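So the chains spell out like this:
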Amino acid sequence: MKKGKRQIDIIVISDVHLGTYGCRAKELLHYLKSVKPKIVVLNGDIIDIWQFSKSYWPKSHMKVIKHLMNWLSKGVKVYYVTGNHDEMLRKFEGFKMGSFQIVNKLVLDLDNNEKAWIFHGDVFDVTMQHSKWLAKLGAVGYDSLIVINSCANWVSERVFNKGKLSFSKKLKNSVKGAVKFINCFEETAADIGICNKYHYVVCGHIHHPEMRMIEQENGKIMYLNSGDWIENLTALEYHNGNWTLFRFDDSERVAMLNLPEEDTDDMNIRQLFNQMLTEFKLKSS
């Protein structure tokens, strides 16, 4: 029996990095198909324009875009919050088309008169502000590390029957500067959120999923980070007045592998794109 979709008021997804080798588009698509949201917040770095290449845009990446377009055609409110890897879209801030809107930051009214302040988070990144070329170089190195990590995982699981490895996580956890940066990032976001009397501050950018209450001298706030779809495979969900952190775990992976292949797998990129536009026009008219 087909499992019903979970009803969710708001989902927040960030750091998908479509167009890069490290993107886990198949897993993301499986997650998107399992939920039925009222509001979708794409909190930055969804399409990696920094590293975008015409030579690498798999069908699985197009299917994610197609699914989002399908939601739009059904009237689902979709906010695209710009990040650093898709910063070219910041010049289109305020653009609206149907239920789609591009913003640089967002404040959502929640239950019990609470407010959530949502933004990507790169504004706190000193490297982004002063050495953008270094940040872009780091992004290429990170993507390369993910590819190497994938090969290592294949050998670890298939040959040695060991679990998955995460080189980048080990690097982050072993470098004191990286840990300090994450803590500083979270505290800074919380401080500004408290000063503006928000109840929640929601970020992405640092690929570190988190949900924790931060208390400071001038107040307290719930800090939320949606993580990423490169390593952590996480998203934030808000329903019936509560936030939860979704993690794509082994049970989700088994469920994904047991699903039958779709007919669209036989389509090439151009056919998928044309079908996506046709469906959107029909459902929007």
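Just above, that's the structure.
**Some points on the sheet that holds strand β5 (residues 100-103)**
Now for step 1: Across the sheet, which stays open at both edges, the seven strands sit in the order β4-β5-β3-β2-β1-β11-β12 with mixed pairing between neighbours. The two strands at the open ends of the sheet, each matched to only one other strand, are β4 (96-97) and β12 (242-247).
Now for step 2: Pairing analysis gives six bridges linking strand β11 (residues 234-239) to β12, with the strands arranged antiparallel. By the bridge assignment, E237 is partnered in β12 with T244.
Now for step 3: Packed onto the sheet, helix α1 (residues 25-33) meets β1 (6-13), β2 (35-43), β11 and β12 and runs at close to 140° relative to β1.

**Digging into the pattern of salt bridges**
Now for step 1: Overall, the coordinates contain eight salt bridges when judged by the stated rule.
Now for step 2: With a closest N to O distance of 2.9 Å, D122 and R90 form a salt bridge. With a gap of 32 residues between them, D122 in the loop between β7 (115-119) and α3 (126-130) and R90 in the loop between β3 (77-81) and β4 connect regions that are remote in the sequence.
Now for step 3: You can call R90 partly exposed: its relative accessible area is 26%.

**Focus: the environment of K91**
Now for step 1: Considering the arrangement of structural elements, one finds K91 in the loop between β3 and β4.
Now for step 2: In the structure, K91 is positioned twelve residues away from V103 in sequence and 9.8 Å away in space, judged by C-alpha atoms.

**Points about the packing of α1 against helix α7 (residues 250-258)**
Now for step 1: Orientation of α1 relative to α7, taken along the N-to-C sense of each, is 90°, at an axis distance of 10 Å. With respect to α7, the element α1 is oriented roughly perpendicular. Facing α1, whose interface residues are K26, E27 and H30, α7 presents E252, R253, A255 and M256.
Now for step 2: Residues belonging to the contact of α1 with α7 are distributed by class as follows: two nonpolar, one polar and four charged.

**Examining a nonpolar patch on the surface**
Now for step 1: A grouping of F92, F95 and M97 is seen on the molecular surface, where their side chains present a nonpolar patch of about 290 Å² in accessible area.
Now for step 2: Among the secondary structure elements, M97 is positioned in strand β4.
Now for step 3: For M97, a relative accessible area of 39% puts it in the partly exposed group.

**Here we look at the nonpolar core**
Now for step 1: Membership of the largest hydrophobic core comes to 34 residues, with the highest contact counts inside it found for I11, I13, L18, Y31, L32 and W229.
Now for step 2: Mapped by element, the contributors of at least two residues to this core are β1, α1, β2, α2 (59-73), β3 and β5.
Now for step 3: Here this core gets seven residues from one element, more than from any other, and that element is α2.
Now for step 4: Core analysis: the next-biggest nonpolar cluster, separate from the first, contains 18 residues, I10, V12, V41 and V81 among them.

Rules behind the numbers
Residues numbered from 1 in each chain as written. Predicted model: local features only at pLDDT ≥ 70, side-chain atom pairs only at ≥ 80, totals over all residues. Heavy atoms only, no water. Pairing = 2+ DSSP bridges. Helix = DSSP H or I, 4+ residues; strand = E, 2+ residues; numbered from the N terminus. Contact = heavy atoms within 4.5 Å. Axes fitted to C-alpha atoms, helices over the stretch in contact; angles between N-to-C directions. Salt bridge = Lys/Arg side-chain N within 4 Å of Asp/Glu carboxyl O. Buried < 20%, exposed > 50% of the residue type's maximum accessible area, 1.4 Å probe, protein only. Parallel < 35°, antiparallel > 145°, perpendicular 65-115°, else oblique. Nonpolar A, V, L, I, M, F, W, Y, C, P; charged D, E, K, R; others polar. Patch = residues over 30% accessible without salt bridge, like charges linked within 9 Å, V, L, I, M, F, W, Y side chains within 5 Å. Areas by Shrake-Rupley, 256 points an atom, 1.4 Å probe, with all protein chains shown as cover. Core = buried A, V, L, I, M, F, W, Y, C linked by side-chain atoms within 4.5 Å.

So, to be careful, I would describe these as geometric facts and stop short of saying anything about function.
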